[in-house]
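# Coordinates in review
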Amino acid sequence: KNEVEQSPQNLTAQEGEFITINCSYSVGISALHWLQQHPGGGIVSLFMLSSGKKKHGRLIATINIQEKHSSLHITASHPRDSAVYICAVRWGGATNKLIFGTGTLLAVQP
Amino acid sequence: ETGVTQTPRHLVMGMTNKKSLKCEQHLGHNAMYWYKQSAKKPLELMFVYSLEERVENNSVPSRFSPECPNSSHLFLHLHTLQPEDSALYLCASSQDWLNTEAFFGQGTRLTVV
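Reading the values: the criteria
- Residues numbered from 1 in each chain as written.
- Chains lettered and ligands numbered in written order.
- Predicted model: local features only at pLDDT ≥ 70, side-chain atom pairs only at ≥ 80, totals over all residues.
- Heavy atoms only, no water.
- Pairing = 2+ DSSP bridges.
- Helix = DSSP H or I, 4+ residues; strand = E, 2+ residues; numbered from the N terminus.
- Axes fitted to C-alpha atoms, helices over the stretch in contact; angles between N-to-C directions.
- Salt bridge = Lys/Arg side-chain N within 4 Å of Asp/Glu carboxyl O.
- Phe/Tyr/Trp six-rings, centres within 6.5 Å; stacked < 30°, edge-to-face > 60°.
- Buried < 20%, exposed > 50% of the residue type's maximum accessible area, 1.4 Å probe, protein only.
- 1 Å grid on protein atoms, 1.4 Å probe; cavity = no way out; pocket = protein on both sides within 12 Å on 5 of 7 lines; lining within 4 Å.
- Points joined across faces, edges and corners; volume = space filled by probe spheres on them.
- Nonpolar A, V, L, I, M, F, W, Y, C, P; charged D, E, K, R; others polar.

### Quick notes on the sheet that holds strand β7 (residues 59–64) of chain A
All names here are of chain A. With antiparallel pairing, the five strands of this open sheet are ordered in space as β1-β3-β8-β7-β6. Single-partner strands in this sheet number two, and they are β1 (4–7) and β6 (52–56). With strand direction ignored, the average angle separating the axes of adjacent strands in the sheet is 15°. In this sheet, strand β3 (residues 19–25) lies alongside β1 in antiparallel orientation, the contact comprising four bridges. Paired with E5 across the strands is S24, a residue of β3.

What follows is the structure, encoded as structure tokens:
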């Protein structure tokens, strides 16, 4: 079992829909990252958060440290949002390493 | 454009070849990383360099050899690879390797034949 679990693994939505991607983790963390990976491989950092909520444009990320859970929301989804969304946690242990989820493949259809 | 540039973008090599992947960042970051991304698996951290010194080596086979000649450049030297080494190799950098945001390159798609 991976220390970082994402759900769903695959998601298809219609343009304009509100989308939620979930991330649960089992280790103590110092920070959580949401990343976006487009076809072709490049990864872009969307958010880094350690508490509460952050918003950037149509994207909202929340984290509940007690429940070890984070969500990424996309409002008014658009086909250009189609990508793999990856949750990664920075482990609070000695090596401070990033542990990645397997990603959620999102396809937004026009 | 994240400020991290990887070359080449695609590479096909035979099992007896020797090749190198290159990563370059001019963000003034002190830490650089190599990750491997295989299909349906989470990103796997391979190596971490901080201030040009290797600080983490995650049980990577010796056929992968990293080199960090300065804080802006990171190489991954490849020799006698196996087909199962075919994957996307991603480079990243961050201000330091403790709790700061990482910036990723576009990756090199490696196919070993």
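### Structural notes on the pattern of salt bridges
The full count for this structure, using the stated rule, is four salt bridges over all chains. We note a salt bridge from R58(A) to D81(A), for which the minimum N-O separation is 2.9 Å. With R58(A) in the loop between β6 and β7 and D81(A) in the loop between β8 (69–74) and β9 (83–91), this pair connects stretches of sequence that are 23 residues apart. For K41(B), the salt bridge is made with E44(B), and the minimal N-O distance between the two is 3.8 Å.

### Topic: the packing of aromatic side chains
Within this structure, the stated rule accounts for four aromatic pairs over all chains. Between F100(A) and Y35(B), the ring centres sit 5.2 Å apart and the planes meet at 85°, which makes this aromatic pair edge-to-face. Residue F100(A) is found in strand β10 (residues 98–100), and its partner Y35(B) is found in strand β4 (residues 31–37); the two belong to separate chains. Note on accessibility: F100(A) and Y35(B) belong to one class, buried. Relative to Y89(B), the ring of F64(B) has its centre 5.8 Å away and its plane inclined at 35°; by these criteria the two rings are tilted. Taken together, the positions of F64(B) in strand β7 (residues 64–70) and Y89(B) in strand β9 (residues 87–94) put the pair 25 residues apart, joining distant regions of the chain. The structure contains a cluster of three or more aromatic residues connected by ring pairs, namely F100(A), Y33(B), Y35(B) and F104(B).

### Digging into the layout of surface pockets
Considering only enclosed or pocket space, the largest pocket measures out at about 510 Å³ in volume. What lines the largest pocket is a set of 21 residues, and nearest its centre among them are V84(A), T102(A), Q37(B), A39(B) and K40(B). In terms of residue class, the lining of the largest pocket is made up of six nonpolar, twelve polar and three charged. Here the second largest pocket is characterised by a volume of approximately 400 Å³. Around the second largest pocket, the lining comprises 21 residues; the ones closest to its centre are P42(B), L43(B), E44(B), L45(B) and N58(B). The set of elements that each furnish at least two residues to the lining of the second largest pocket consists of β10 of chain A together with β5 (44–50) of chain B.

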